[in-house]
Amino acid sequence: MDNVIVMLREAVIGHQKMPILEGISLSVFRGEFTYLIGKTGSGKSTLLKTLYGALPLMGGKGQVAGFDLSSLHRKNIPLLRRKLGMVFQDFNLLTDRNVQDNLAFVLQATDWKGKTKIMHRVAEVLEQVNLSALGHKMPYELSGGEQQRVAIARALLNKPELLIADEPTGNLDPETSTEIIRLMRNLAVEYNTAVLFATHDKLVMDAFPARVLECRDKKIWEISN
Ligand SMILES: Nc1ncnc2c1ncn2[C@@H]1O[C@H](COP(=O)(O)OP(=O)(O)O)[C@@H](O)[C@H]1O
Ligand SMILES: [Mg+2]
């Protein structure tokens, strides 16, 4: 049980009173890299939002990083989020401050104290995404791929047990996309971080084969790869 980071049993997932996925049972294990595929509108983002507590579980059982989704109280959502890292298609960096201040800001917002400790952690995550040299750059001085690596560094700050990535290569060219997927694969291996990676980028999936789940017809299918 301790090795399971995401567990769904007969879960119903959707918006308001509208189920998008029904009768969903699946497990994701620590350190496991999983692609989540499916056509636009098939429910990938809806599933991920439910996992990070932005949508309530509509039925069945669900656990993420030890939190029970069916009894998840609003005030515990920040505690759940602290165990997760999230990366989206849009990088959402703060445009008015440099890379390292973007990262320091998140640590301060999650109750880290002490400038030395904060800057040390910022340096660590920048090294993990190979951006040590760019800490003083402003976001607008960076390429799309570099900005996404900053966003990944930001997701790593609190040493997440699960990285949730919702089409993180959607705005990137093929070469940069491959670089991002390679980086996330390495993180999964090195730090035993599970990764749930929604994409419809076949190129990326062919470059780095892993487990594949497909959202289709209101269900999630395990696709052999
Ligand atoms: N905020 C929302 N309120 C109601 N329905 C939504 C909302 N967001 C998405 N949906 C619907 O949920 C379904 C799944 O969408 P989504 O999870 O975004 O799919 P995907 O990420 O696979 O493209 C779609 O039919 C979409 O119209
Ligand atoms: Mg989506």
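Residues numbered from 1 in each chain as written. Chains lettered and ligands numbered in written order. Predicted model: local features only at pLDDT ≥ 70, side-chain atom pairs only at ≥ 80, totals over all residues.

*Asks:* Sorry, what's going on with the sheet that holds strand β10 (residues 219-223) here?
*Replies:* Pairing between the strands of a sheet comes from backbone hydrogen bonds, and it takes one of two forms, parallel or antiparallel. As summarised here, the arrangement of the 6 strands in space is β6-β7-β8-β3-β9-β10, forming an open sheet in which the pairing is mixed. Strand pairing shows two members of the sheet lacking a second neighbour, β6 (84-88) and β10, which therefore form its edges. With direction set aside, neighbouring strand axes in the sheet form an average angle of 20°. Relative to strand β7 (residues 162-166), β6 runs parallel, the two being bridged by 5 bridges. In the strand pairing of β7, G85 is matched with L163. On top of the sheet, helix α6 (residues 174-191) reaches β3 (33-37), β7 and β8 (194-198); it is set at about 155° to β8, its chief contact. (Pairing = 2+ DSSP bridges. Helix = DSSP H or I, 4+ residues; strand = E, 2+ residues; numbered from the N terminus. Axes fitted to C-alpha atoms, helices over the stretch in contact; angles between N-to-C directions. Contact = placed C-beta atoms within 7 Å.)

*Asks:* Please clarify how the site of ligand 1 should be interpreted in this entry.
*Replies:* Looking at ligand 1, the residues that line it are H15, I20, G38, T40, G41, S42, G43, K44, S45, T46 and C215. For the shell around ligand 1, the element with the highest residue contribution is helix α1 (residues 44-51), accounting for 3 residues. Looking at side-chain class alone, the shell around ligand 1 contains 2 nonpolar, 8 polar and 1 charged residues. (Near = placed C-beta within 6 Å. Nonpolar A, V, L, I, M, F, W, Y, C, P; charged D, E, K, R; others polar.)

*Asks:* Would you mind showing me how to read the pairing of strand β1 (residues 4-15) here?
*Replies:* The two faces of the sheet receive side chains in turn, since in a regular strand these alternate between them. Of the strand pairs in this sheet, β1 and strand β2 (residues 18-29) are connected by 8 bridges, and their pairing is antiparallel. Considered in β2, the bridge of V4 is made with F29.

*Asks:* Where do I start with the sheet that holds β1 in this structure?
*Replies:* Overall, antiparallel pairing links the 4 strands, which are arranged β2-β1-β4-β5 in an open sheet. For this open sheet the edge positions go to β2 and β5 (67-68), each flanked by a neighbour on one side alone. Relative to strand β4 (residues 59-64), β1 runs antiparallel, the two sharing 5 bridges. Within β4, the position partnered with M7 by the bridge is Q63.

*Asks:* Even after reading the chapter, I still don't get helix α3 (residues 99-109), so can you show me in this structure?
*Replies:* For an α-helix, the turn length of 3.6 residues means that residues three or four places apart are oriented alike. Looking at α3, one finds that the buried residues are V99, Q100, N102, L103, A104 and L107. Looking at the packing, one finds that the buried side of α3 touches α4 (115-128) and α5 (144-156). Positioned one or two residues after α3, D111 has a phi angle of 75°, which is positive. (Buried ≥ 20, exposed ≤ 12 C-beta atoms within 10 Å, placed from the backbone.)

*Asks:* Is there a simple way to think about unusual backbone geometry in this case?
*Replies:* In most cases, non-glycine residues show a negative phi, while peptide bonds are predominantly trans. Even without being glycine, Q16 reaches a positive phi, approximately 45°. The topology assignment puts Q16 in the loop between β1 and β2. For N92, which is not glycine, the phi dihedral falls at a positive 50°. In this structure, N92 sits in the loop between β6 and α3.

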